[in-house]
Amino acid sequence: MMFTQNIADFKEIITQKESQLEDAFQKIKSRHQSQGIAFLDAVFDDETLETARKKAQDIKSKTKIKNLVLLGTGGSALGTRAVANWKGHFFKSQLDDDYMRFFVFDNFDPLTLHDFLSKSELDETYFIIISKSGGTLETMSQAYLLVEYFEQQGKIAELKERCTIVTEPKDTPLKRLADKYDITSYDHHLEIGGRYSVLTMTGFLPIYLLGYDVAEIVEGARDIANEFLNAKSWSDCQAFHSAAAITAMEMDHDKEAHISLMYGDRYFGLGLWMRQLIAESLGKDGKGMVFAPALGPVDQHSQLQLYADGPKNKVFSFFMTQTAYRKNEITREHDPAFSYLKDKTTSDIKDALQFGTLSSLRNKGYLVREISVPHFALKILGGLFMHFMLETIISAELMGVNAFDQPAVEDSKNRTRNILKK
């Protein structure tokens, strides 16, 4: 089983949107038939998948890697981070020396980068630098600092053995850096922006290097892609149902925030990936809701008061894993005040926390989508990646915005460059 989506709360709202949904379905289908949808078609690219697998295998056969470092911002890193988080990699690497340590420098922070470079062992570290444009300010700054650090250590000749670059096949600063130091570079898909690129070389290579089978992720993504490709009507594809439900909350019911409560540490990387995907794709022309991933149950203690009793301008999604890990049972009564915990597992307790909160929000009149995941298999994560990319472009069609540009981000970048030039 993949994952299940319960949007019964929105049934009446979706019914009212049927004609708009069919129109959106025909437009997106027609667009795909005439010009393709790059992220959707790319998931069937076996050649890139195999190239990434062989490259990762070759790197690991020649190079000792204790630390894998990813230099890239936004979509260049968030997909891989979500995969590592989904498999519990960050915590396991602290407990087990057999796990490769994974460092993601997606936020430009001088202190963090300095601490890493001053303490890392280059002979045990491998770097992947990713920038679609080949000119991302933060990523290029990190790349130049890395070159200078290798020079300071007297190891610049080793850089090409310790680094791979993924960027567009154009004459860009990052491509010139690769050529100058003879660093292997792989092509970033020209038609796929960073936030849609997890199922391309951008995600494939680092995920394979971490030791995970990308083919499993791709299998799940293909299942969801085929649901859309084989659909005869909007109603045959779950992404249309959920896109209608969530966008209607903004367009017709004045909702300003989409809160996603994710019950389990392993979900949060997915939440951060979704946040960028949704914000950059839908926040345009005065439209779009703030997407806020929240971690359950901890954020019940930090955010729930506002969510439940603050302004009624929110819609909710709940991500839940109900029955996966029935272990770590409390076998006896330790105190009368908590006698109800006897014979309960940690999963029992988490389930009660999530369903108690869900019930409370519904009782206050909020509409809630439920997404239930049976276990943290990579195939399921691949399905979720594809589902939310499809849901996002469908939402854009319903809202009348371009899902693939980001004009406000470009304005900020231009102003930043001008400040540095002065």
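We now turn to the structure provided with this report. Quick caveat: nothing in here was measured; it's all calculated off a predicted structure.

### Remarks on helix α16 (residues 378-399)
Right, so step 1: If you check α16, its first and last C-alpha atoms are 31 Å apart, about what 22 residues at 1.5 Å a residue would give, namely 32 Å.
Right, so step 2: Burial runs high along α16: 20 of the 22 residues are buried.
Right, so step 3: Two residues or fewer after α16 comes G400, characterised by a positive phi angle close to 80°.

### Focus: empty space enclosed by the protein
Right, so step 1: Across all of its chains, the model carries four cavities of 30 Å³ or more by this definition.
Right, so step 2: Within this model, the largest cavity holds a volume of roughly 130 Å³.
Right, so step 3: Contributing to the lining of the largest cavity are I246, T247, E250, H258, I278, L282, G288, M289, E391, T392, S395 and M399.
Right, so step 4: For the lining of the largest cavity, the elements supplying multiple residues, two or more each, are α12 (238-251), α13 (268-282) and α16.
Right, so step 5: At four residues, α16 tops the list of elements feeding residues into the lining of the largest cavity.
Right, so step 6: Residues of the lining of the largest cavity, tallied by class, amount to five nonpolar, five polar and two charged.

### Brief notes about the pairing of strand β7 (residues 257-263)
Right, so step 1: Judged by how many residues are buried, β7 sits mostly within the fold: seven of seven residues are covered.
Right, so step 2: Covered by surrounding structure in β7 are A257, I259, L261 and Y263 together with H258, S260 and M262, the residues of both alternating faces.
Right, so step 3: When β7 meets strand β8 (residues 290-296), the two strands line up parallel, connected through seven bridges. Following the sheet pairing, H258 is matched in β8 by F291.
Right, so step 4: In this fold, β7 hands off to α13, which returns the chain to β8; that crossover is right-handed.
Right, so step 5: Direction of pairing for β7 relative to strand β9 (residues 314-320): parallel, over a ladder of six bridges. Following the sheet pairing, H258 is matched in β9 by V315.

### Regarding the environment of K344
Right, so step 1: Along the chain, K344 falls in strand β11 (residues 344-345).
Right, so step 2: A C-alpha to C-alpha distance of 57 Å links K344 and I156, two positions 188 residues apart in sequence.

### With respect to the pattern of salt bridges
Right, so step 1: In this structure the tally under the stated criterion is 26 salt bridges.
Right, so step 2: Between D252 and K17 there is a salt bridge; the shortest N-O distance is 2.5 Å. Note that D252 is positioned in the loop between α12 and β7 and K17 in the loop between α1 (11-15) and α2 (18-35), a separation of 235 residues in sequence.
Right, so step 3: Under the relative-accessibility criterion, D252 is labelled partly exposed at 43%.
Right, so step 4: Ionic pairing is found between R81 and D106, a salt bridge with its closest N-O pair at 3.0 Å. Here R81 is found in helix α5 (residues 75-86), whereas its partner D106 is found in the loop between β3 (101-105) and α7 (110-119), with 25 residues between them in sequence.
Right, so step 5: Residues joined by salt bridges that share partners form a network here, namely D9, R362 and E370.

Reading the values: rules and limits
- The written sequence of each chain sets the order in which its residues are numbered from 1.
- Only residues with pLDDT of 70 or above have their local features reported here, since the model is predicted, and side-chain atom pairs are shown and tallied only from 80 upward, although totals for entire chains, interfaces and linings are computed over all residues.
- Think of the side-chain values as coming from all heavy atoms in the structure, minus any hydrogens and water.
- Helix numbers and strand numbers start at the N terminus; a helix is a DSSP run of H or I with at least 4 residues, a strand a run of E with at least 2.
- By definition here, a helix of n residues has an expected span of 1.5 Å times n minus one.
- Each residue is placed in one exposure class: buried if its accessible area under a 1.4 Å probe, protein chains only, is under 20% of its type's maximum, exposed if it is over 50%, and partly exposed if it falls in between.
- Put simply, the grid is 1 Å and covers the protein atoms alone, a cavity is a trapped set of points that fit a 1.4 Å probe, a pocket is an open set with protein on both sides within 12 Å along at least five of seven lines, and lining residues have an atom within 4 Å of a point.
- Grid points are joined across faces, edges and corners, and a volume is the space filled by probe spheres set on the points.
- Note on residue categories: nonpolar means Ala, Val, Leu, Ile, Met, Phe, Trp, Tyr, Cys or Pro, charged means Asp, Glu, Lys or Arg, and polar means any other residue, Gly included.
- Two strands qualify as a pair provided DSSP detects at least 2 bridges between them.
- Place the viewer so that the strands point away; then a crossover is right-handed whenever the path from the first strand over the helix to the second strand goes clockwise.
- Salt bridges are defined by distance alone: a side-chain nitrogen of Lys or Arg within 4 Å of a carboxyl oxygen of Asp or Glu.

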